[in-house]
Structure formats: C-alpha cells, structure tokens
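Structural overview
Below, each chain spelled out in residue letters.
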Amino acid sequence: MTALSLASLIACSDKKEENSASGSSSSVSESSIAEGEFVTDPSEPDLGAYTVNENGRKLYYDPELYDISLVEALEDYFVTFSENDFDTYLSMAQSDYAEKMEAYLQKDYGYGMQTSFDKQCENLRSNAGGEFKVTRIKVEAPSENGIESYLKELGEIFEDDTFYDTVVANTDKLHDVMFYIMAEANGEETLLISEFEIIFAEKDGKYYMFG
C-alpha cells in the first residue's frame, strides 16, 4: 500500500513509450453522447464503458459502484498538478493528513507541502513529456481494501498511533479505489498513471485525499 504515496506513484509511472495512446482514434463521436450516457468504443473495447463529462474528459467507471462526484474529485485533484494549482490541491487534502504531513516534511526534509507539490508537478510533467492535460480517468475496485493498513502506516510515519482513529472519527466514509490517468502532452496521449490506489475521505458530500 506504500504505492498510495503520490511521490512513489509518480516515480513509478514512467511508462510513456510502452503505453502511448497516440495515433489511436475513437470511432465514437463524443458530441453525440448524452449527459450521463455510457458508451463503449469498439476500437478500444478493453477499456470498458465511459461517459464524457462537462469538462470533455472521458470517465470510465461503474456507476453502480461509484458516484460520479467521486470520479470527478479525482479528476479535479489531478488537474491541480497539470495547472500548478497548490491552493486547490491543499483544499482537497484531508485536514488531519495535511496537518501531519506538513509537520513531518518540515521536520525530516526541511520543506513543506508547497515544495512537495511543486516536485510532484515537475515529476508528472517529466513523465508526460511536457505540459499536460488530463484526458481520461478510469476508476475500479481494488482486489483488497487497504484503507486501514495504509492509514495506520501513515500514523507510523507521523509517529501518531491515534491517526487512524482520528481520521475515522472525522470522516463520514472512506473509499479505496484503483485508478488510471491518461494525459495529453505535445499532441500525444499517454497512459500517465496505471493501476495505483488512492484513499478518499468523504465528509459532508465532499471528497478529500491522502497524497
């Protein structure tokens, strides 16, 4: 579950050459897809069904398992990296995590979440091959639920054995999902991130991240 660390996630996602989707063309007209309608592109059947949201991004997910607001929260989260938007990124970080991570980074590395975020943006741009925009997001259920083990691992890093219980107490529901991110840079669409997990903390209808 250490792959849930975004820093590790980015470092392990350098798969541009073998996963490039450049040159592929959809046989489905996105403009013809009604809001909330799911279609499967016959030229890419293995990707499964998707819908196109108001931002023009393809979202692949099972609406019986996940609400679109969760998928779009993941979309918004990765857009913060493509747009270097630290303020929005910080607003999407789970509050207990953000407080503990800031203290941990300052203590052990001499910098805070702003610098960490900047490094993540730089690494993603490097893996994408330049400035990028998110084009597709796929979300599916992981084989095992790793919420408790991951949050307790964070608690060990933060030297706080109450971290897991604090998060649970301050959260309406926790979600563990596996996801894939495709992005376009320099006219090429690339599989930027593949088969990584992320934890969502749902509170008052909004979703917050640990990463």
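**Some remarks on the overall build of the protein chain**
In terms of helices and strands, the protein chain carries eight helices and six strands. Taken from the N to the C terminus, the helices and strands of the protein chain come in the order α-α-β-β-α-α-α-α-β-α-α-β-β-β. Here the protein chain holds 211 residues, and 47% of them are scored as buried. Considering only contacts within the protein chain whose residues lie at least 6 apart along the sequence, 63% involve residues at least 24 apart.

**A look at the pairing of strand β6 (residues 206-209)**
Looking along a regular strand, one sees the side chains alternate between the two faces of the sheet. The two faces of β6 differ: Tyr-207 and Met-209 on one face are buried, but Lys-206 and Tyr-208 on the other face are not. Across four bridges, strand β5 (residues 188-203) lies against β6 in antiparallel orientation. Bridge pairing in β6 places Ala-201 opposite Tyr-208. In this antiparallel pair of consecutive strands, β5 and β6, the connection spans two residues, and Asp-204 shows a positive phi of 55°.

**Quick look at the pairing of strand β3 (residues 133-140)**
Across three bridges, strand β2 (residues 58-60) lies against β3 in parallel orientation. Across the sheet, residue Tyr-60 finds its bridge partner in β3, namely Lys-138. Note: β3 against strand β4 (residues 173-185), seven bridges, orientation antiparallel. Its bridge partner being in β4, Lys-138 is matched across the sheet by Tyr-180.

What counts and how
- Residues numbered from 1 in each chain as written.
- Predicted model: local features only at pLDDT ≥ 70, side-chain atom pairs only at ≥ 80, totals over all residues.
- Heavy atoms only, no water.
- Helix = DSSP H or I, 4+ residues; strand = E, 2+ residues; numbered from the N terminus.
- Buried < 20%, exposed > 50% of the residue type's maximum accessible area, 1.4 Å probe, protein only.
- Contact = heavy atoms within 4.5 Å.
- Pairing = 2+ DSSP bridges.

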